Amino acid sequence: MNSPAYADLTTALRRNHLLGTMGDLLGWDEQVNLPPGGAGQRAAQMALLAELGHAAASDPRIGGWLHELEAGRATLTADEQVVVRQARRDFDRVTRLPAEFVREKATLVSEAYHAWAQARATSDFPGYAPFLEKHLELAKREAAFLGRADAPYDYFIDQHDPGLTAEVIGRLFAELKKELVPLGRAILASPVKPRTDALRGFPVEGQRAFLREVTERLGFDYQRGRIDVALHPFCSGTGADTRMTTRFNVDEPLDSLFSSVHETGHGLYEQGLPAAEAGTALGMHAGMAVHESQSRLWENQVARGRDFWRCFEPRFRALFPVQTAAVSSDELYLAINAVAPTLIRVDADEVTYNLHIILRFELEKKLFAGELAVRDLPEAWRAASRELIGLEPANDREGVLQDVHWSGGAFGYFPSYCLGNMMAAQLWYAALAALPGLEEDFARGDFSRLLGWLRTHVHAEGRRYDLLALVRKVTGEELSPGPLLRYLRERYGTLYRA
Ligand code: ZN
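Remember, predicted model here, so these are calculated numbers, not experimental data.

1. Re the domain arrangement of the chain
On domain assignment, one finds that the chain holds domain 1 (4-148) and domain 2 (166-495). When each unit is reduced to the centre of its C-alpha atoms, the spacing between domain 1 and domain 2 is 27 Å. Taken together, the 33 residues of domain 1 in the interface contact 39 residues of domain 2. Here domain 1 packs against domain 2, burying approximately 3,100 Å² in sum over the two surfaces, 67% of which is carbon and sulfur. Sorting the residues of domain 1 by area buried against domain 2 places W28, F125 and L136 first, and these three jointly supply 21% of that buried surface. Where R464 meets D79, a salt bridge forms, and the shortest distance between an N and an O atom there is 2.7 Å. In this assembly, domain 1 and domain 2 are joined by 14 residue pairs in polar contact (both at pLDDT 80 or more). Counting only elements with at least two residues in the side of domain 1 that touches domain 2, the list comes to α1 (4-32), α4 (78-96), α5 (99-122) and α6 (125-145). Counting residues per element, the side of domain 1 that touches domain 2 draws most heavily on α1, at 10 residues. Residues of the side of domain 1 that touches domain 2, tallied by class, amount to 18 nonpolar, 7 polar and 8 charged.

2. Digging into the packing of aromatic side chains
One pass over the structure, following the stated rule, counts 29 aromatic pairs. Their ring planes at 85 degrees and their centres at 6.2 Å tell us that F125 and Y128 sit as a pair that is edge-to-face. One end of the pair, F125, and the other, Y128, are both in helix α6, 3 residues apart, so they sit about a helical turn from each other. According to the relative accessible area criterion, Y128 is buried, its value standing at 2%.

About the criteria used
Residues numbered from 1 in each chain as written. Predicted model: local features only at pLDDT ≥ 70, side-chain atom pairs only at ≥ 80, totals over all residues. Heavy atoms only, no water. Domains from an automatic or database assignment. Contact = heavy atoms within 4.5 Å. Buried area = accessible area lost by both parts, 1.4 Å probe. Salt bridge = Lys/Arg side-chain N within 4 Å of Asp/Glu carboxyl O. Polar contact = N/O pair within 3.5 Å; in protein donor to acceptor, adjacent residues only side chain to side chain. Helix = DSSP H or I, 4+ residues; strand = E, 2+ residues; numbered from the N terminus. Nonpolar A, V, L, I, M, F, W, Y, C, P; charged D, E, K, R; others polar. Phe/Tyr/Trp six-rings, centres within 6.5 Å; stacked < 30°, edge-to-face > 60°. Buried < 20%, exposed > 50% of the residue type's maximum accessible area, 1.4 Å probe, protein only.

Quick look at the structure:
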């Protein structure tokens, strides 16, 4: 269709997207460069930009163009329909929430964050509970504004991963849990123990040089991105200008390396999205879980694998001859794939991480269904932690108060991490089948065939497909925990003789 409404709509979407990228840049700068005295002005800059962004995104003309295009839907191409559908979702979300409600929620987010930080410091859940109760109430109201009063939890899940529901996730997670819990226990009982103290005293300069070489070799384009140091690793920006961060600890060289490779996976996805379509659904990532599948695939299946280290171990040893002298290749590989249950999600290894997510998902689901009261959360958390991870937190700081997410009203977000792990494993086996000899490439330091395959089958599609449809299209199978379980058994079952 050659419609002026479509051209007008996409022009507006691109402008709004550009405004968004400015906000990203200010946010990145705040975490990387901002002198402390600039914090007040930065907050004002970001608030102004958010206001401009909201005004632009709720411009009534967008509603008019959408109305016109939807009336003539039959004349739109398939791609145009994708763009219009996403634009409708976004427009409804910014226009259906009353300004008063948005203000109320913003205030609560700020108050709840401080209450959470305070409660966590003193392990005082009751002091934080009223804020969480209020968040749940607002969440239900928000879903109602968007016409989802019947299924508020599904509404939030759909915000992160379009098309998914608690019912589908519940089925996938139940299947995963059944085999993952015994695998975790068997690894824990294994006589094979990684030496956690083996890698100490790695100068930052060497670490920086090594991760630059690694990320460049994986295919990250430094002409369109950079990596800097921040308190928490993250990846922001777009394919045209991708900003990643990492942090260095001389006694934890693998932490910095793997978090950088993780962010590189996110960055490669952003750099692979169709640049000409930036701002529309065709140039947009397909959801949080798909994004996470990209970071996890590079971090885990690729960079924790034997063949990757066949290539990079000599370089690692050359850069750190003294620090690695007493560490054998097998010990190094075991340290790279260390599994040890922990109470804290962000410290969890690749095997038990998924159990932390299942725990959170099951509790969120019960909170929304009214089957669990906020005041009973700490006890429910302890029971679930015993059942799933085999450890019980001694206090709420190591339990229900450990994550920041709920204090920001971010419900339905946790499942994306585990769904991303599932998708990563499923993509991995599909890529191995499609690209014979792929791992021999890695041993030679060549990752281009894998990246090319992901570019074609995942990145180039933008948001044409949701998670379930994309997995079906790329792998020919429904999303399932089977490939993740197979991968974990192949790598960790073997390594730990479990
Ligand atoms: Zn990530």
